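# Fold and contact review
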Amino acid sequence: MPKHFRVFATCDIGEAIELLVKRGYEVEIYPQPEAPPKSLIVERVRSGIDGLITTLRDPIDAEIFEAGKGHLKVVAQYAVGFDNIDRVDANRYKIPFTHTADVLTEATAEFAFFILGALARKMWTAEHLTRENKWGYWHPYLPFLGDEVTGKTVAVIGTGRIGLAFIKKCVGFDMNVLCYDPAYQNHSFVKSIQEIFDLRHARGLVREKSTIKYVAFEDALRQADFVSVHVPLLKEDESDTPTYHLFNEETLRHMKRTAYLVNTSRGPVVEESALARALRENWIAGAALDVYEKEPLPPDSPLRDPAISDRCRLMPHFASAARITRLSADPEKGMAGRCVQGLMDVLEGNYGGDITKMPYVVNKEAFTK
Ligand code: NAD
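Given the structure is predicted, the values throughout are model-derived calculations rather than measurements.

### Focus on the site of the ligand
In the region of the ligand, 30 residues are neighbours, and Arg161, Ile162, Asp181, Thr264 and Asp290 sit closest. A distance of 2.9 Å is found between a nitrogen atom of the ligand and a side-chain nitrogen or oxygen belonging to Asp290. In the model, an oxygen atom of the ligand is placed 3.4 Å from a nitrogen or oxygen of the His317 side chain. For the ligand, the protein covers 91% of the area, taking 870 Å² as the surface of the free molecule. Considered class by class, the residues forming the shell around the ligand number 14 nonpolar, 12 polar and 4 charged.

Now the structure itself:
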């Protein structure tokens, strides 16, 4: 049955929008690749829209919800992380917001693993050597060496969807896995992974048996050769175990001097000034980052210091940026499809109109009776 709902999308999310248009929705898309100014979002929301499609670039708070009073029914976020949306304000205005969990899990996890490998094996520096005609000889250790990944110990900080998917990638590299998560421990997953490690050893595929276990944060940092971060951004007032600046001078100093940090979660989880110092002063061996305290990365960021460029990989918030993951209109495969489905669920009253039963709604707590 065709529906006439008005939707504003703060950016183009591809052909999934057609699904809405075919159903009779009126959809306006912000045409520029950059994020719209907040004043423009407020103005479009005030114009009477029923649904708002957002990305992690858009600050969504009381000002937006106030502008939508009486007509805005849903905010559909095109991301799994939703730290740009003020959950307390959304709940106060009783506006459900949705996200696109799961469909980007494997893409993000594999990207984290790939940049870990690129960092440790110095692939960026090595390619520069070739391209810049500085590859003058084959030599046992000059001009530099990388570090092997196979058989090393990795600490996985945050064992939610992406953390667990990342662990599965590490299995193929016979890594020992130290898990840390103060809020959610999946012991049956850990048991399954240990069984796989045991089988690989029993069948003679590997000489050393790998292990996996949950440990305390400090133990994870002190023992790991690699630390990969998979937490949501949680500020002081949002959690008993906040993640804002979880990696700071004190915690970076717990890491081994030979260890590498990989962050594909959210930028403010790592205090960048402390990390830049850690790299300059060799407290740790290197870092690969996909996310930053301020995005895009400012021209004067200390992370751009040429003195640390051989051990600091910088990616443009790119971990979920794979074709099917980003654009598939199938809600089981793509962020676009899942975003649009979450929006339709609320506007069209799927699940008997019970918001607490809608799988992609995040703030269900505001709707429990
Ligand atoms: P999730 O909610 O399934 O997992 C997050 C886990 O972190 C949870 O198990 C939670 O208990 C744990 N956690 C919370 N506080 C912690 C703390 N102080 N220390 C350690 N663990 C803690 O979320 P997910 O789907 O795995 O996604 C994780 C995050 O990754 C998202 O919130 C998002 O910010 C980020 N992300 C980034 C990209 C990218 O493009 N770079 C893509 C997808 C997701």
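Still to come is the rest of the account.
### Details of the environment of Gly353
Mapped onto the elements of the fold, Gly353 is located in the segment after α13 (335–347). On the basis of relative accessibility, which here comes to 41%, the residue Gly353 falls in the partly exposed class.

### Thoughts on a nonpolar patch on the surface
Residues Tyr137, Tyr141, Leu142 and Leu145 make up a contiguous nonpolar surface patch of about 440 Å² in total accessible area. Mapped onto the elements of the fold, Leu142 is located in the loop between α6 (123–131) and β6 (153–157). Look at Leu142 and you get partly exposed, because its relative accessible area is 39%.

### Description of the pattern of salt bridges
Taken as a whole and judged by the stated rule, the model has 27 salt bridges. For Lys168, the salt bridge goes to Glu106, with nearest N and O atoms at 3.3 Å. Taken as a pair, Lys168 in helix α7 (residues 161–171) and Glu106 in helix α5 (residues 105–120) lie far apart in primary sequence, 62 residues in all. With a relative accessible area of 44%, Lys168 lands in the partly exposed category. Classification of Glu106 as partly exposed rests on a relative accessible area of 33%. Linking Arg253 and Glu249 is a salt bridge whose minimum nitrogen-to-oxygen distance equals 3.2 Å. Highlighted residues: Arg253 and Glu249, both in helix α10 (residues 249–254), separated by 4 residues, approximately one helical turn.

### Regarding the packing of α5 against α7
Put simply, α5 and α7 touch, their axes get as near as 8 Å, and they point 50° apart. Taken together, the axis directions place α5 and α7 in an arrangement best described as oblique. Crossing of α5 over α7 shows right-handed handedness. Note on element contacts: α7 touches α5 through Arg161, Ile162, Ala165, Phe166, Lys168, Lys169 and Cys170, opposite Thr105, Glu106, Thr108, Ala109, Glu110, Ala112, Phe113 and Leu116. By residue class, the composition of the contact of α5 with α7 is 8 nonpolar, 2 polar and 5 charged.

About the thresholds
Residues numbered from 1 in each chain as written. Predicted model: local features only at pLDDT ≥ 70, side-chain atom pairs only at ≥ 80, totals over all residues. Heavy atoms only, no water. Near = heavy atom within 4 Å. Polar contact = N/O pair within 3.5 Å; in protein donor to acceptor, adjacent residues only side chain to side chain. Areas by Shrake-Rupley, 256 points an atom, 1.4 Å probe, with all protein chains shown as cover. Nonpolar A, V, L, I, M, F, W, Y, C, P; charged D, E, K, R; others polar. Helix = DSSP H or I, 4+ residues; strand = E, 2+ residues; numbered from the N terminus. Buried < 20%, exposed > 50% of the residue type's maximum accessible area, 1.4 Å probe, protein only. Patch = residues over 30% accessible without salt bridge, like charges linked within 9 Å, V, L, I, M, F, W, Y side chains within 5 Å. Salt bridge = Lys/Arg side-chain N within 4 Å of Asp/Glu carboxyl O. Axes fitted to C-alpha atoms, helices over the stretch in contact; angles between N-to-C directions. Parallel < 35°, antiparallel > 145°, perpendicular 65-115°, else oblique. Left-handed = near helix turned anticlockwise from the far one by under 90°. Contact = heavy atoms within 4.5 Å.

Purely geometric numbers; function is a separate question.
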